[in-house]
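In case you want the letters, here they are:
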Amino acid sequence: MPDPAVPPTPPVPLASLLAREDLALRQIAGPSDPDIVIHWAHTSEMADPYPYLLGGELLLTAGVHIQDAAGSGTYFDDYVSRIVAAGGAALGFGVAPVHDTVPRALVAACEAYELPLVEVPPQTTFSGVARAVWQLMAQARLAELRRVTEAQQSLAAAASRPDPVPSVLRQLAQRVGGRAVLYGPDGGTIAEAGRGPGSEARAALAELAQVVRPTGTAPPRPQPGATAAADRPLGAPGAGARADRTSPGRPAGEPRGTTGADRTPPNRPPAEPGAAARADRPPAGPGRPTSATDTVAGTHLAAYALGSGQGFVLGVAAPQRDPGDHTIASVAAVLLTLLTGEHHSGAGAARSSALVRLLLGAPPEEVASLLGGDRWLVVHARPDAHVPDAVAASALGAALGSPLVDLARDVVRVLVPAREIEPQPGWTLGVSAPGGPQEWPAADTQAARALARARATRTALVRHGARTGLTELVPQDEAEAHARTLLAPVAATPALTETLRTWLSLHGSWDRTAVALSVHRNTVRQRIARCAALLEADLDDPDVRMELWFALRKR
């Protein structure tokens with residue numbers, strides 16, 4: 001959980017405050033690390049401000065508390081060391097009316113303890129500095145919200161693509177400027193995207209995923225100093241890099257080798273070495289955290305257990321941890337949960353029951369009621385840009401409103417209760433005519449033919465049997481007998497009848513027929529020529545074509 005001592009706004013880089021021309025601030029001592037940030041500005045004239053600081057402050061003072069002989073003793077060393085021990089980020093010293101210049105002993109003490117010292121000129125009030133800090137915080141917060149909103153929109157759009165999981169990971173990696181990995185229940189990598197971290201960070205990320213995996217086992221205890229802050233938001237004080245550079249139990253007067261941004265949050269009892277490492281070993285089962293962070297080899301790592309409870313974990317590795325990263329990664333985790341989750345509901349139990357009954361010999365019409373409809377459509381679909389995978393097939397089924405999905409080698413089949421089917425971005429669809437369970441095999445054939453026609457004509461969706469044909473005017477038994485007689489010479493070779501059907505449906509186009517059948521156009525020519533020879537018919541005659549089409553529709 002976020003630290004309650006930290007305001008819900010992004011910290012302000014000290015460099016941004018120094019860049020404000022209206023303040024005319026000037027840093028005169030201490031490190032100038034661009035990573036130094038301040039969480040607020042606080043004014044105090046106490047000789048020992050430690051009890052009144054929360055950490056991360058720009059402490060402002062006019063030196064009222066400084067005694068006349070302070071420069072000849074240890075006063076300034078004690079004063080600065082207490083600010084450092086409290087976690088102060090920087091010290092601002094106002095010149096005039098008490099002191100005309102910043103005391104040299106204070107400058108030396110800040111240099112020794114690596115505390116940034118900022119000179120505040122007479123024309124700049126402390127309240128003006130505090131107001132500038134909050135203005136910068138508000139700007140940073142607005143920028144963070146805008147960044148998070150844009151990321152949410154792009155992640156949602158990625159989740160609707162035909163390849164949703166890789167698309168979501170690519171967007172997440174782009175937004176955090178690093179690497180995003182989806183780990184399976186067995187710990188293996190299912191998909192990943194973005195710039196890869198080093199081998200050490202990659203291995204550490206896989207181990208971190210085990211920390212949050214409900215069905216996994218915790219990794220070996222890391223060495224003291226390695227941390228994984230469970231359930232902390234990215235960028236919060238005490239998480240990741242800050243925790244990595246804390247020196248538990250350091251004497252208050254000892255000069256530190258870290259910058260102000262790295263200091264331990266104040267007013268907290270120092271942790272014994274290895275305490276964070278022990279926190280990385282959560283109990284098995286429900287007590288496991290849902291997220292964890294770590295920093296290895298300069299790379300910030302985070303792992304999120306997906307809410308499906310199936311053991312999927314999202315891992316993120318980035319060179320830096322910016323405000324909003326935790327929120328963006330959490331949005332991606334929610335989307336990936338929806339894409340990988342299995343729904344064990346009453347409807348799921350009914351589907352399982354229907355499957356068992358079919359396997360045990362029950363006719364389809366007897367089990368159809370368990371699936372939730374009387375009339376059904378069969379949809380055949382192919383993605384436009386890649387071979388379909390299981391996750392893309394599941395996402396398509398969700399978009400069509402049906403969990404009854406079958407993934408074949410190059411096509412996805414979906415059984416959908418009869419309704420209006422809309423085109424799906426990134427997919428080419430063929431839709432059968434509505435029918436009952438006893439008509440499912442025929443509907444499957446219709447959908448396959450409709451898909452072939454859609455691909456050949458580059459149409460997003462083609463429906464079978466949209467209009468009533470002349471075939472309905474002839475009695476069914478007579479029409480079927482005529483079709484068997486007329487097509488008998490080619491009936492023994494399914495490739496010929498299917499090529500003839502597709503070629504006629506596409507008005508004799510060689511190229512489109514080749515696309516629909518996934519064969520070379522010369523193969524189409526040879527097959528049609530073979531049909532013409534076996535049928536002893538002139539296939540350029542429109543009357544012959546019409547009669548053959550009539551027969552093929554009834555076959």
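Definitions and cut-offs
- Residues numbered from 1 in each chain as written.
- Predicted model: local features only at pLDDT ≥ 70, side-chain atom pairs only at ≥ 80, totals over all residues.
- Heavy atoms only, no water.
- Helix = DSSP H or I, 4+ residues; strand = E, 2+ residues; numbered from the N terminus.
- Contact = heavy atoms within 4.5 Å.
- Areas by Shrake-Rupley, 256 points an atom, 1.4 Å probe, with all protein chains shown as cover.
- Pairing = 2+ DSSP bridges.
- Axes fitted to C-alpha atoms, helices over the stretch in contact; angles between N-to-C directions.
- Buried < 20%, exposed > 50% of the residue type's maximum accessible area, 1.4 Å probe, protein only.
- Salt bridge = Lys/Arg side-chain N within 4 Å of Asp/Glu carboxyl O.
- pLDDT = per-residue confidence, 0-100.
- Phe/Tyr/Trp six-rings, centres within 6.5 Å; stacked < 30°, edge-to-face > 60°.
- Lys NZ or Arg CZ within 6 Å of the ring centre and 35° of its normal.
- Parallel < 35°, antiparallel > 145°, perpendicular 65-115°, else oblique.
- Left-handed = near helix turned anticlockwise from the far one by under 90°.
- Nonpolar A, V, L, I, M, F, W, Y, C, P; charged D, E, K, R; others polar.
- Core = buried A, V, L, I, M, F, W, Y, C linked by side-chain atoms within 4.5 Å.

Regarding the overall build of the chain
Along the chain, the regular secondary structure elements total 18 helices and 17 strands. When contacts within the chain are restricted to residue pairs at least 6 apart in sequence, long-range pairs at least 24 apart make up 67% of them. Surface accessibility of the chain: about 26,800 Å² in total, with carbon and sulfur atoms responsible for 54%.

Comments concerning the sheet that holds strand β13 (residues 376–383)
Strand order in the open sheet formed by 5 strands is β14-β15-β13-β16-β17, with mixed pairing between adjacent strands. Here the strands that pair on one side only, and so sit at the sheet edges, are β14 (405–407) and β17 (461–463). Each adjacent strand pair in this sheet contributes to an overall mean axis angle of 15 degrees, direction not counted. Taken together, the 3 bridges between strand β16 (residues 427–431) and β17 define a ladder with parallel strand orientation. Within β17, the residue paired with Val431 across the bridge is Arg463. Across the face of the sheet, helix α12 (residues 390–400) comes into contact with β13, β14, β15 (412–417) and β16 while running at roughly 20 degrees to β15. The sheet contacts of helix α13 (residues 440–457) involve β13, β15, β16 and β17, and relative to β13 the element is tilted by about 35 degrees.

Looking at the pairing of strand β12 (residues 313–318)
For β12, a buried count of 6 out of 6 residues is recorded, marking the element as mostly surrounded by other parts of the structure. Here β12 shows no split at all, with Val313, Gly315 and Ala317 on one side and Leu314, Val316 and Ala318 on the other all buried. Bridge count for strand β8 (residues 179–183) against β12 is 5 bridges, and the pairing is antiparallel. Its bridge partner being in β12, Val181 is matched across the sheet by Gly315. Examined bridge by bridge, strand β11 (residues 299–305) and β12 share 6 bridges and lie antiparallel to one another. Following the sheet pairing, Ala305 is matched in β12 by Val313.

Notes on the pairing of strand β9 (residues 189–194)
By the bridge criterion, 5 bridges tie β8 to β9 in an arrangement that is antiparallel. Of the residues in β9, the one forming a bridge with Ala180 is Ala193. In this structure, the hairpin formed by β8 and β9 is closed by a connection of 5 residues, where Gly187 is found at a positive phi of approximately 90 degrees.

Focus: the pattern of salt bridges
Under the counting rule described, the total for this entry stands at 17 salt bridges. A salt bridge links Arg463 to Glu420; its shortest N-O distance comes to 2.8 Å. A residue pair is termed long-range when its members are at least 10 positions apart, and Arg463 in strand β17 and Glu420 in the loop between β15 and β16 qualify at 43 residues. Classification of Glu420 by relative accessible area gives exposed; the value is 56%. Asp540 is the partner of Arg545 in a salt bridge, and the nearest nitrogen-oxygen pair spans 3.9 Å. In this structure, a network of salt bridges that share partners links the residues Arg161, Asp163 and Arg170.

Describing α12
Along an α-helix, residues three or four positions apart point the same way, because every turn accommodates 3.6 residues. If you check which residues of α12 are buried, you get Ala392, Ala393, Ala395, Leu396, Gly397 and Leu400. Residues of α12 that are buried make contact with α5 (164–176), α9 (325–340), β13, β14, β15 and β16. Looking one or two residues past α12, Gly401 carries a phi angle of roughly 80 degrees, positive in sign.

A short note on the confidence of the model for the chain
Taken residue by residue, the chain gives an average pLDDT of 79. The fraction at 70 or more is 80%. Here residues 216–285 is a poorly scored stretch, pLDDT under 50, and it has 146 contacts once near neighbours within four places are set aside; other chains count.

Quick word on the packing of aromatic side chains
Applying the stated criterion across every chain, the model contains 4 aromatic pairs. Taken together, a centroid distance of 5.6 Å and an interplanar angle of 85 degrees make the contact between Tyr75 and Phe76 edge-to-face. The residues Tyr75 and Phe76 share a single accessibility class, namely buried. Taking the centre distance of 5.5 Å and the plane angle of 35 degrees together, the rings of Trp503 and Trp510 count as tilted. Judged by its relative accessible area of 3%, Trp503 falls in the buried class. Members of the aromatic cluster, joined through ring pairs, are Tyr75, Phe76 and Tyr79. The lysine or arginine in question, Arg82, covers the ring of Tyr50, its NZ or CZ lying 4.2 Å from the ring centre.

Some details on the sheet that holds strand β4 (residues 40–43)
Read across the open sheet, the 5 strands follow the order β2-β7-β6-β5-β4; overall the sheet is mixed. Each having just a single partner strand, β2 (26–29) and β4 make up the two edges of the open sheet. In this sheet, neighbouring strand axes are inclined to one another by 30 degrees on average, regardless of whether the strands run parallel or antiparallel. Pairing analysis gives 4 bridges linking strand β6 (residues 90–94) to strand β7 (residues 117–120), with the strands arranged parallel.

Digging into the environment of Val118
Take Val118: it is sitting in strand β7. Residue contacts for Val118: discarding those within four places in its chain leaves Leu14, Leu18, Leu25, Arg26, Gln27, Leu91, Gly92 and Phe93.

Considering the packing of helix α4 (residues 126–159) against α9
At a closest axis distance of 10 Å, the pairing of α4 and α9 adopts a crossing angle of 20 degrees. Our classification of the angle between α4 and α9 gives roughly parallel. Seen from above, α4 lies across α9 with right-handed handedness. Here α4 contributes Arg147, Val148, Ala151, Gln152, Leu155, Ala156 and Ala159 to the contact with α9, which in turn contributes Asp325, Thr327, Ile328, Val331, Ala332, Leu335 and Leu339. Considered class by class, the residues forming the contact of α4 with α9 number 10 nonpolar, 2 polar and 2 charged.

So, the nonpolar core
In terms of nonpolar packing, the biggest core is built from 31 residues, with Leu155, Val168, Leu169, Leu172, Leu314 and Leu336 touching the most fellow members. Of all the secondary-structure elements, those providing two or more residues to this core are α4, α5, β8, β9, β11, β12 and α9. Counting residues per element, this core draws most heavily on α9, at 8 residues. Apart from residues lying up to four places away in sequence, Leu314 is in contact with Leu169, Leu172, Val181, Ala302, Ala303, Tyr304, Leu306, Ala329, Ala332, Ala333 and Leu336. Membership of the second largest hydrophobic core comes to 22 residues, among which are Ala70, Val95, Tyr113 and Leu117.

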